Amino acid sequence: MNLTLRIWRQKGPEDKGRMVTYPVDDVSPDMSFLEMLDVLNERLILAGEDPVAFDHDCREGICGMCGLMINGDAHGPQRGTTACQLHMRQFTDGETIDIEPWRASAFPVIKDLVVNRGALDKIIAAGGYVTAPTGSAPEAHSTPVAKANADAAFESAACIGCGACVAACPNGSGMLFTAAKLTQLSLLPQGQPERYTRVIGMVDAHDEAGFGGCTNAGECTPACPKGIPLNTIGRLNRDYLAATAKGAGNTPGS
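In this text, all values refer to a predicted model and were calculated from it rather than measured experimentally. (Residues numbered from 1 in each chain as written. Predicted model: local features only at pLDDT ≥ 70, side-chain atom pairs only at ≥ 80, totals over all residues. Heavy atoms only, no water.)

Caption draft 1: A look at the environment of L86. With respect to the helices and strands, the residue L86 is situated in the loop between β4 (73-74) and β5 (96-100). A C-alpha to C-alpha distance of 23 Å links L86 and F107, two positions 21 residues apart in sequence. Sequence-distant contacts of L86, that is, excluding residues within four places in its chain, are made with M31, S32, F33, I70, H75, G76, P77, Q78, T81 and F91. (Helix = DSSP H or I, 4+ residues; strand = E, 2+ residues; numbered from the N terminus. Contact = heavy atoms within 4.5 Å.)

This is the structure:
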């Protein structure tokens, strides 16, 4: 395959940045998208040019590092797939592909396609954990959990924190991520003691980090490589309203 890549190049946070065109030939349809970028970078290095900076780690679709906007889609055209698991057979010979970083005010560009996603860590630090000592793993079935709750908690726990939901949202909202991290705790017994102080703290951290508000545009769920459903945000909203009614944000531990 012969392709034309239009890639966002930006030397640093203060640089204006621009799209730069690169031709890439002899691309195997069986390559992953990141392997194709590796080929481009090898050629740029041999030519004495600066390689394209992009995030990657496991390349197995489970770490959440490979955040790219590909032809305007978070992680590319194939649903339920991260950029590292996207294969070049999803594209056609002679195609022009636009590659950009996540676009959100909460994700400032560090260089080229790399953005700072530390804002997601701030949300987790505000309550995405259990403080009560739980000891070793309990005996199976010693604490009954309704299957519907267990399934929903497991579904939310599949979130890899890639930020695709933020990049796809027209408001740059991180509510799907926040809701997923809340849901995996709020539906289990271990998460109950801090259920309402947690939702207040994490939503406040979300807003303080510069994410936009959720207006139910629904673009986040299709972009999520793990298929976190939109009703997860509804569950967050119910917990937030209940926490507000209880005054959970006013008294620590209430």
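Caption draft 2: Representation of the pattern of salt bridges within the structure. Per the stated rule, a full pass over the model turns up 12 salt bridges. The salt bridge partner of R9 is D50, with a shortest N-O separation of 3.7 Å. Here R9, found in strand β1 (residues 3-9), pairs with D50, found in the loop between α1 (33-46) and β3 (69-70); they are 41 residues apart in sequence, far enough to count as distant. A residue is classified by how much of its surface remains accessible, and R9, at 9% relative accessible area, is buried. Residues R89 and D30 are paired through a salt bridge, measuring 3.1 Å at the closest nitrogen-oxygen approach. Taken together, the residues span a long stretch of sequence, with R89 in the loop between β4 and β5 and D30 in the loop between β2 (18-24) and α1 at a distance of 59 residues. By relative accessible area, R89 is classed as partly exposed at 49%. Salt bridges sharing common partners tie together R9, D50, K111 and D112. (Salt bridge = Lys/Arg side-chain N within 4 Å of Asp/Glu carboxyl O. Buried < 20%, exposed > 50% of the residue type's maximum accessible area, 1.4 Å probe, protein only.)

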